[in-house]
Structure formats: structure tokens, C-alpha cells
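Listed below, chain by chain, are the residues.
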Amino acid sequence: MQQSVDINRRIAQISSHINPPINQQQVEEGNLWRSDCRVKGGSPGFKVAILGAAGGIGQPLAMLMKMNPLVSVLHLYDVVNSPGVTADISHMDTAAVVRGFLGQNRLEEALTGMDLVIIPAGVPRKPGMTRDDLFNINAGIVKTISEGIAKCCPKAIVNLISNPVNSTVPIAAEVFKKAGTYDPRRLLGVTMLDVVRANTFVAEVLGLDPREVSVPVVGGHAGVTILPLLSQVKPACSFTKEETEYLTSRIQNGGTEVVEAKAGAGSATLSMAYAAVKFADACLRGLRGDAGVIECAFVTELPFFASRVRLGRSGVEEIYPLGPLNEYERSVKRSVWRRQRRSWVEALIRVCPSQRNKQGSSSNELYHMFTTCCCCLLCWVFDYSFRHEFECYLKK
């Protein structure tokens, strides 16, 4: 009899772990509470949520995060198919406890108490689709998710993958500001895929193991806004003008290369998941207090520019300057900043209801529009101090 009771309790515990009851309701079979449902052998670590876990990036990302020994609890959220992904991932014999959350009504539950939130949610890029097209769809998704983060885990480190990162990160920043929870150290756009590609492509040219190559990549995360600093490659080396132009172009167009190769069947999902996990692991090591955790990320303090940063317990603890640039990199930097400004303007349109119907306007018209707009949440971006800082930076 006692053996039967023990078996029923174990079954109830496993069931509660995989499908936790909503709103902390009690599990009748085993008299368990969701907060008590921990698998045997579960290790201490960080709580991580993946929003968009059932997508092309989300699924391999979830699998790789389940393998990370720094993760103790892994929440998988999506508006579709998350129960299946959760069941599948939870069978892996690693320590992290996996819980699934389906539908927007469970977003807040998925976010409560998280240390790190990774956001690959949104539609993938398809052949012929520009990042502007992506923005029109993904901006609303990022806004909703950011509102949930501001309410349920305002102290979490946020890794934003949803493209176009150049525009979605400013949107998230403004949502956090409106909620009074904005901390620029904790909001990071994930540009690690540009670094991963740069390391790989440079290693091919040099005939080295990519793991032995380090290429800082700054700027944005879209086409020509991506600026690999080939003059600062480690190990130190030099490239001809032709090699520099070839490598820069291939790094900038790596996403298009994958989209075209898949011929409509998807975008860079697997390499993006790998890069996202690599960056998430760096964030977790920083939270743990490891020293010297340095990666490239899209930050909001420059403002909105990918740079080399040092990660720590508070997120970004130091932003490093660009360092010495060669003539080619200096010439590209100016165009990078100008295109970045356009991305910020497009982000402004999304949060300014009175101007959304003017998206076809030129960049100059949009800039003027928002310097005179009173209702926009992002007007501070284009105040005098920012314009002065922007112009001074261009002159460097």
C-alpha cells in the first residue's frame, strides 16, 4: 500500500514539474505546490526564460540552454506549441528544471522571478523581406513582452534577439522608461551572431581554428550598419584591401546568405541559437561574478550602438571605446551612424500613434517630424544634447 502511495506521489511530482498548475493552484494527486516541484538532483543556479521558445531559433536555443550547468530553472514561453517543446526538452538528463507556458495570458507567470530573459520571439526573415518588413511585425511583439518584463522581473538581464535589433532595442528601452524600470546596464541587443560569423570567416582566410580567432564587431545588427574591426583581430594580422572588403561584405550579408541558401525554408536559426547561447552564457558568468567577461553587444548608452562590453553582476559594467581604427573603418563608421539614426526614427514611428501613417517619408522628413512631435515617447532621443553628442561623435 505504502509503495503505491509513493509511486503516485512521484508521478504527481513529475506531472507538476512538466505542467505546473496555473496561478499556484494545488495539485490534488500529491498535495504539491508548483514552487515545490523540483526534480531530484536539481542544482542551484539562475532562472532563465525564453520567450518564443517554439520558434526556429527558440527550440535549439532551449535545448542548448537546458545543457548549461549555470541554469537551474528554464521557462519556455510561446503563443503556440510550447507544451510539446517543453515535454521534449524536459526529457534531457541535465539539472535544469523545465516549465512550459502557452499563450499571452501566461506571459507574466513565465516571467516572474527570472534572472535572465532571452527574447527570440517574432517572425523569421524570408526571401525578399527587408529588416523594415520584419520591424513592422516584430515591434508590437517586443513591446508587449517588454511590458511584461517591466511588471514581473524588472531586475532581470534582457537579451533581445528579435530583429531588427537596431529598432527593437530602442522600443524596449522606452517601454521600460515609461514603466520606471529602465536600467541601460540590463538591456542588451544580441549581436553575437555577427561576431561568430566574423570569427569563422576570418579563420577561413587565415587558415586557423575559429575558436582561436577574436574579431570585435561594432555598429548595428543589419547589413551595412555592421562594422567588423578587422584591424583589431586577435591573433594580430593584416589584410589586403581586397580581403578587407570581401570579409566586411560577407560578414554584413551573412544573414542574406543563409536566407537565400535555404530558398524560402527559413533564416539563420541554428547559428543564431548557438550565438545566443554563447552570449547568454557570458551574461550568466557575469551574474555569477566571474571576472573578465567581455563580449560585443548592442547597448543603449552610446546611444544604441554595438560595442565591446564587460559583463558583471549588474549586466553591462563597462563599455569599451572603439579603439584605433584604420582608414577603411573610419570611412565606414560615418555611414554606420547615419543608418543607425534611421533605425531609431523607424522605432519612433512605432510608438508614436499620430505619425504611423507617415512611414513612407524620407529619413530627413522623419527626423524633422520627430523633433517637432510632442506626443512621442522617444522625443528625448532627438533633443539638443543628443544631436550635439551625435554630431561630435561623427567628427571624431
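All figures in this text were calculated on a predicted structure; none of them were measured in a lab.

### Re the pairing of strand 11 (residues 315–319)
Line of reasoning, step 1. Taken together, the four bridges between strand 10 (residues 305–312) and strand 11 define a ladder with antiparallel strand orientation. Opposite Arg310, over in strand 11, you have Glu318 as the bridge partner.
Line of reasoning, step 2. The turn linking strand 10 back onto strand 11 is made up of two residues.

### Here we look at the layout of surface pockets
Line of reasoning, step 1. The space that makes up the largest pocket amounts to roughly 670 Å³.
Line of reasoning, step 2. Of all the secondary structure elements, the ones that give two or more residues to the lining of the largest pocket are strand 2 (71–78), helix 5 (131–152), helix 7 (192–206) and helix 9 (254–262).
Line of reasoning, step 3. In terms of residue class, the lining of the largest pocket is made up of 17 nonpolar, 15 polar and four charged.

### Thoughts on the pairing of strand 1 (residues 46–51)
Line of reasoning, step 1. When you tally the buried positions in strand 1, you get five out of six residues, the bulk of the element.
Line of reasoning, step 2. Bridge count between strand 1 and strand 2: six bridges; the pairing is parallel. Across the sheet, residue Leu51 finds its bridge partner in strand 2, namely Tyr77.
Line of reasoning, step 3. Note that the unit made of strand 1, helix 2 (residues 58–66) and strand 2 has a crossover that is right-handed.
Line of reasoning, step 4. Direction of pairing for strand 1 relative to strand 4 (residues 116–119): parallel, over a ladder of three bridges. When the sheet's bridge partners are listed, Ala49 is paired in strand 4 with Val117.

### Focus on unusual backbone geometry
Line of reasoning, step 1. Backbone torsion omega between Asn163 and Pro164 reads -5°, so that peptide bond is classified as cis.
Line of reasoning, step 2. Positionally, Pro164 belongs in the loop between strand 5 (157–160) and helix 6 (165–179).

### Points about the packing of helix 2 against helix 10 (residues 270–288)
Line of reasoning, step 1. Remark: helix 2 packs on helix 10, axes separated minimally by 8 Å, with the N-to-C direction vectors making an angle of 40°. As for the relative orientation of helix 2 and helix 10, their crossing is right-handed in sense. Here helix 2 contributes Pro60, Leu61, Leu64 and Met65 to the contact with helix 10, which in turn contributes Leu270, Ala273, Tyr274, Ala276, Val277, Ala280 and Leu284.
Line of reasoning, step 2. Each residue belonging to the contact of helix 2 with helix 10 can be placed in one class, and the counts come to 11 nonpolar, no polar and no charged.

### Quick look at the packing of aromatic side chains
Line of reasoning, step 1. Tallying each qualifying case throughout the model produces zero aromatic pairs.
Line of reasoning, step 2. Lying across the ring of Tyr182, Lys177 places its NZ or CZ 4.8 Å from the centre.
Line of reasoning, step 3. Just above the ring of Phe201 sits the side chain of Arg250; from NZ or CZ to the centre is 3.8 Å.

### Side note on the environment of Leu325
Line of reasoning, step 1. Position of Leu325 relative to the elements: it lies in the loop between strand 11 and helix 11 (327–351).
Line of reasoning, step 2. For Leu325, a relative accessible area of 13% translates into the label buried.
Line of reasoning, step 3. Separated by 96 residues in the primary sequence, Leu325 and Leu229 have C-alpha atoms spaced 7.4 Å apart.
Line of reasoning, step 4. In this structure, Leu325 is in contact with Leu229, Ser231, Gln232, Arg330 and Lys333, ignoring residues within four places of it in sequence.

### Some points on empty space enclosed by the protein
Line of reasoning, step 1. Summed over the entire model, instances satisfying the criterion amount to one cavity of 30 Å³ or more.
Line of reasoning, step 2. Of the volumes computed, that of the largest cavity is approximately 70 Å³.
Line of reasoning, step 3. Classifying every residue of the lining of the largest cavity by side-chain character gives seven nonpolar, one polar and two charged.

### Description of the pattern of salt bridges
Line of reasoning, step 1. Inspection of the entire model under this criterion finds 13 salt bridges.
Line of reasoning, step 2. For Lys143, the salt bridge identified is with Glu147, shortest N-O distance 2.9 Å. With Lys143 and Glu147 both in helix 5, this residue pair falls four residues apart, about one helical turn.
Line of reasoning, step 3. Residues Arg185 and Asp183 are paired through a salt bridge, measuring 3.0 Å at the closest nitrogen-oxygen approach.
Line of reasoning, step 4. Classification of Arg185 by relative accessible area gives partly exposed; the value is 34%.
Line of reasoning, step 5. By sharing partners, the salt bridges in this structure join Asp183, Arg185 and Arg186 into a single network.

### Focus on the packing of helix 2 against helix 3 (residues 82–90)
Line of reasoning, step 1. Relative to each other, helix 2 and helix 3 sit at 30°, their axes nearing to 10 Å. Here helix 2 is positioned roughly parallel relative to helix 3, judged by the angle of their axes. Where helix 2 crosses over helix 3, the handedness of that crossing is right-handed. Residues Gln59, Ala62, Met63 and Lys66 of helix 2 lie in contact with helix 3, whose contacting residues are Val85, Ile89 and Ser90.
Line of reasoning, step 2. Across the contact of helix 2 with helix 3, the residue classes break down as four nonpolar, two polar and one charged.

### A closer look at helix 10
Line of reasoning, step 1. Between the first and last C-alpha of helix 10 there are 27 Å, a value that for 19 residues agrees with the 27 Å anticipated at 1.5 Å per step.
Line of reasoning, step 2. Those residues of helix 10 lying buried are Met272, Ala273, Ala275, Ala276, Val277, Phe279, Ala280, Ala282, Cys283, Leu284, Gly286 and Leu287.
Line of reasoning, step 3. Backbone geometry just after helix 10 places Gly289 at a positive phi near 105°.

About the criteria used
- Residues numbered from 1 in each chain as written.
- Predicted model: local features only at pLDDT ≥ 70, side-chain atom pairs only at ≥ 80, totals over all residues.
- Heavy atoms only, no water.
- Pairing = 2+ DSSP bridges.
- Helix = DSSP H or I, 4+ residues; strand = E, 2+ residues; numbered from the N terminus.
- 1 Å grid on protein atoms, 1.4 Å probe; cavity = no way out; pocket = protein on both sides within 12 Å on 5 of 7 lines; lining within 4 Å.
- Points joined across faces, edges and corners; volume = space filled by probe spheres on them.
- Nonpolar A, V, L, I, M, F, W, Y, C, P; charged D, E, K, R; others polar.
- Buried < 20%, exposed > 50% of the residue type's maximum accessible area, 1.4 Å probe, protein only.
- Right-handed = clockwise from strand over helix to strand, strands pointing away.
- Axes fitted to C-alpha atoms, helices over the stretch in contact; angles between N-to-C directions.
- Left-handed = near helix turned anticlockwise from the far one by under 90°.
- Contact = heavy atoms within 4.5 Å.
- Phe/Tyr/Trp six-rings, centres within 6.5 Å; stacked < 30°, edge-to-face > 60°.
- Lys NZ or Arg CZ within 6 Å of the ring centre and 35° of its normal.
- Salt bridge = Lys/Arg side-chain N within 4 Å of Asp/Glu carboxyl O.
- Parallel < 35°, antiparallel > 145°, perpendicular 65-115°, else oblique.
- Expected span 1.5 Å × (residues − 1).

Remember that the coordinates give geometry; whether it matters functionally is a separate question.
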